[in-house]
Amino acid sequence: MKKMQKIRIRKSVRKTIFVLLLVSIVVAMVTLYDSFNSENKKKFVNENIYEYTNKYLYSYDVSMLENGYVTEKNIGDKNVYITNLMDVANINMTYLYNANQVSDISYSYKIVGNLESVYVKDGEEQRVFKNTEVLVENKDFTVNSKDIEISESFELNIKDKIQMIKNFQQEVGMQVDTTYTVVLEVMSKTNIMGQEVLNVYSPNLVFEIGPKTTKLKTTTEESSKPQIITKKSQTVDQLSEVKRTVATIVLIIAIILILVLKIKTVDNNVIKNEYKIELNRILKECEEKIVEVNDKIDTDRQNLIDVIDFNEVIKLSEELSKPILYWNNENLEESWFCVIGDKILYRYILKR
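Residues numbered from 1 in each chain as written. Predicted model: local features only at pLDDT ≥ 70, side-chain atom pairs only at ≥ 80, totals over all residues. Heavy atoms only, no water.

(A) Region of the structure containing the side chain of Asn54. Its location among the elements puts Asn54 in strand β2 (residues 44-64). Accessibility expressed as a relative area gives 6% for Asn54, which makes it buried. Within the structure, Asn54 has its side chain in polar contact with the side chain of Tyr95 (distance 2.4 Å). Side chain to side chain, Asn54 and Asn199 meet in a polar contact 3.1 Å long. (Helix = DSSP H or I, 4+ residues; strand = E, 2+ residues; numbered from the N terminus. Buried < 20%, exposed > 50% of the residue type's maximum accessible area, 1.4 Å probe, protein only. Polar contact = N/O pair within 3.5 Å; in protein donor to acceptor, adjacent residues only side chain to side chain.)

Here it is in structure tokens:
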């Protein structure tokens, strides 16, 4: 069986290729180490996962007691009223919740009223009276949406509150500053990417009840500014990913090429001589007839005939229908070409 011949490459070129491939392997391994090391040092950044806004709207009108001065029965959205003429306040409180994505939202709300009086002594306020009542009972809801809307309209008997304060001042003989605060208490919660989003919002409408006049206002700040929910996440280094991919490919290719270079090639002496030239000519011209063997051909068991012309070997091969066995000693630069006949070994020796 014919032995596969190795590709001969000039020694300096083969050595240079080996060095370049080894350098490529080292660079690829360093790059891989750096990329995996940077993976462990990824920074955490706050990623916006949810946004929502709370919006509060309110309106009211006040029914006035019959009197000879104010002819209007109901006066709406007026900041200041005469305290002793106020009867019932008709109030509407509206709450709007808007998010940037749909989710399951659980929410509840109620409306409470707080009557509170303070006594001012030496410039310091001291609370002396407080009464809390539920104006709208608690309500619970669950929706799959990004919006919530709450709208409640109700009557508030402000006359009774004013009378309660008058009775208190007469009984204790103390002049006090009084407010009645209507509070819409809203609580909602949802879950975004495994993180609970809890929202507590309590807009109000305040009656500042004075001995002569009552002023209505809200202490709820502008609430349309978005509330942003964040979650810590690792940064993705795209450049590191590319480096790791390229380095892996280079490493695999370099290792394969080194193995191919090691197995499939040999150094070639670039110094030309007659032996090499003749050997190459013979191997090329008689490629179909020649079979290379690894071990030196045994000449002890057969009659040996040395021929002086390689053409004789070709003729013998054709006449006997036998292959030409080829054995080479690269160190001594000596090659044997043999044809085995009937107990006769015909040998041609080519050497430097």
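After that view, the rundown keeps rolling.
(B) Spatial organisation of the pairing of strand β17 (residues 344-351). Where strand β14 (residues 303-306) lies against β17, four bridges are found, and the strand directions are parallel. Residue Asp306 lies in a different strand from β17, and its bridge partner there is Arg347. For strand β16 (residues 334-340) and β17, the ladder comprises seven bridges, and the chain directions are antiparallel. Paired with Trp336 across the two strands is Ile349, which belongs to β17. (Pairing = 2+ DSSP bridges.)

(C) Local environment of helix α5 (residues 310-320). Among the residues of α5, those classed as buried are Phe310, Val313, Ile314, Leu316 and Ser317. What you see down the axis of α5 is that its buried residues fit within an arc of 165°, all on one side. Check the buried side of α5 and you find it contacts α4 (274-285), β15 (324-329), β16 and β17. Sitting at the head of α5, Asp309 places a side-chain oxygen 3.1 Å from the backbone nitrogen of Asn311. Once α5 ends, the next one or two residues include Ser321, with phi positive near 55°. (Arc of directions from axis to C-beta. Contact = heavy atoms within 4.5 Å.)

(D) Structural view of unusual backbone geometry. The phi dihedral of Ser321 is positive, around 55°, even though this residue is not glycine. If you trace the backbone, Ser321 turns up in the loop between α5 and β15. Owing to a relative accessible area of 63%, Ser321 belongs among the exposed residues under this scheme.

(E) Examining the pattern of salt bridges more closely. The tally for this structure, following the rule as stated, stands at 10 salt bridges. A salt bridge links Glu116 to Arg127, with the nearest nitrogen and oxygen atoms 3.6 Å apart. Of this pair, Glu116 sits in strand β5 (residues 86-121) while Arg127 sits in strand β6 (residues 124-157), and the two are 11 residues apart along the sequence. Residue classification places Arg127 among the exposed positions, given a relative accessible area of 55%. Each of Glu278, Arg281 and Glu285 takes part in one network of salt bridges that share partners. (Salt bridge = Lys/Arg side-chain N within 4 Å of Asp/Glu carboxyl O.)

(F) Here's a closer look at the nonpolar core. Among the nonpolar cores identified, the biggest contains 44 residues, and Tyr50, Ile91, Val182 and Phe207 are the most heavily contacted of them. Among the elements of the structure, β2, β5, β6, α2 (158-172), β7 (177-192), β8 (195-201) and β9 (204-209) are those that each provide at least two residues to this core. The next biggest cluster of nonpolar side chains, apart from the first, holds 18 residues, and it includes Cys286, Val313, Val339 and Leu350. (Core = buried A, V, L, I, M, F, W, Y, C linked by side-chain atoms within 4.5 Å.)

(G) Main features of the packing of aromatic side chains. Considering all chains together, one arrives at 13 aromatic pairs under this definition. Here Tyr58 and Tyr60 contribute two aromatic rings whose centre-to-centre distance is 6.3 Å and whose plane-to-plane angle is 5°, an arrangement assigned as stacked. On the accessibility criterion, Tyr58 (33% relative accessible area) is partly exposed. Seen from their ring centres, Tyr107 and Phe141 are 5.3 Å apart, and the 25° between their planes marks the pair as stacked. Here Tyr107 is found in strand β5, whereas its partner Phe141 is found in strand β6, with 34 residues between them in sequence. Put simply, the rings of Phe310, Tyr326, Phe337 and Tyr348 pair up and form one aromatic cluster. Above the ring of Trp336, the side-chain terminus of Arg347 is found at 4.5 Å from the ring centroid. (Phe/Tyr/Trp six-rings, centres within 6.5 Å; stacked < 30°, edge-to-face > 60°. Lys NZ or Arg CZ within 6 Å of the ring centre and 35° of its normal.)

(H) Fine view of a nonpolar patch on the surface. Residues Val19, Val23 and Val27 make up a contiguous nonpolar surface patch of about 240 Å² in total accessible area. Looking at the secondary structure, you find Val19 in helix α1 (residues 11-40). For Val19, a relative accessible area of 44% gives the class partly exposed. (Patch = residues over 30% accessible without salt bridge, like charges linked within 9 Å, V, L, I, M, F, W, Y side chains within 5 Å. Areas by Shrake-Rupley, 256 points an atom, 1.4 Å probe, with all protein chains shown as cover.)

(I) Quick look at the sheet that holds strand β13 (residues 290-292). On the basis of which strands lie adjacent, the open sheet formed by five strands has the order β13-β15-β16-β17-β14 and mixed pairing. Looking along the sheet, the strands with just one partner apiece sit at the ends: β13 and β14. When the angles between neighbouring strand axes are averaged without regard to direction, this sheet yields 30°. Relative to β16, α5 is tilted by about 30°, and along the sheet it contacts β15, β16 and β17. (Axes fitted to C-alpha atoms, helices over the stretch in contact; angles between N-to-C directions.)

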